[in-house]
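These are the residues of each chain, in order.
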Amino acid sequence: MAGIRVAVEIDAPVETAWGYLEQVERHVEWMADAVAITFDSDQQRGVGTSFVCKTKFGPLRLDDHMTITEWVAEKRMGVHHTGLVSGTGAFELESIDMGRRTRFTWTEILQFPWYFGGSLGRAVAGPLILKPVWRRNLKSLAARFPQP
């Protein structure tokens, strides 16, 4: 099954980038499609953290239920999506430029319900809607780390 993959280079070392990204509640600051995040679990970091991200794409609004399934500090955060749209996603961080910068890669493999076109909906929405929005999101994320 094909997924969506976008990446950006951040002008900050991995530990600085991770320090910001591990704050899941702040993802709405750089994700244009994320309206609000509400935690379902007492914990807000690490494997088992559960939350709902109110999401909007144009007129479409949905609650994206996610659970963090993978947490490797300064390297990887993985999630499992349940609800209307299901699947898996991951943020990966890689140190570049002798530790001065970070390559941030976002990968998603999503399933759409039949009434959103199922696999055809995924084939169309992925490259035409989601990927461009997520590229803009990553530009917004990178802008939070201005060059020194």
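Residues numbered from 1 in each chain as written. Predicted model: local features only at pLDDT ≥ 70, side-chain atom pairs only at ≥ 80, totals over all residues. Heavy atoms only, no water.

A. Here's a closer look at the pairing of strand S6 (residues 86-96). The sheet contact formed by strand S5 (residues 76-82) and S6 spans 6 bridges and is antiparallel. Of the residues in S6, the one forming a bridge with Val79 is Gly89. What sits between S5 and S6 in their antiparallel hairpin is a turn of 3 residues, with Gly83 showing a positive phi close to 110°. Note that S6 and strand S7 (residues 101-111) share 11 bridges and pair antiparallel. Paired with Thr88 across the bridge in S7 is Ile109. Between S6 and S7, which follow one another and run antiparallel, lie 4 residues, and Asp97 among them has a positive phi close to 50°. (Pairing = 2+ DSSP bridges. Helix = DSSP H or I, 4+ residues; strand = E, 2+ residues; numbered from the N terminus.)

B. Summary view of the sheet that holds S7. On the basis of which strands lie adjacent, the open sheet formed by 7 strands has the order S1-S7-S6-S5-S4-S3-S2 and antiparallel pairing. Each edge of the open sheet is held by one strand with a lone partner, namely strand S1 (4-10) and strand S2 (34-39). Looking at each pair of strands side by side, their axes are set apart by 25° on average, direction ignored. Of the strand pairs in this sheet, strand S4 (residues 60-72) and S5 are connected by 7 bridges, and their pairing is antiparallel. Residue pairing in the sheet places Trp71 in a bridge with Met77 of S5. Of the strands in this sheet, S1, S4, S5, S6 and S7 touch helix H1 (residues 14-21), which is tilted by about 150° from S6. (Axes fitted to C-alpha atoms, helices over the stretch in contact; angles between N-to-C directions. Contact = heavy atoms within 4.5 Å.)

C. Up close: the nonpolar core. Ile10, Trp30, Phe104, Trp106, Trp134, Leu138 and Leu141 are the most contacted members of the largest nonpolar core, which totals 37 residues. If one sorts the elements of this core by residue count, helix H2 (residues 118-143) sits on top with 6 residues. (Core = buried A, V, L, I, M, F, W, Y, C linked by side-chain atoms within 4.5 Å. Buried < 20%, exposed > 50% of the residue type's maximum accessible area, 1.4 Å probe, protein only.)

D. Spotlight on the side chain of Asn137. Topologically, Asn137 is positioned in helix H2. Accessibility expressed as a relative area gives 1% for Asn137, which makes it buried. If we skip the residues at most four places from it in the chain, Asn137 touches Trp30, Met31, Ala32, Asp33 and Trp106.

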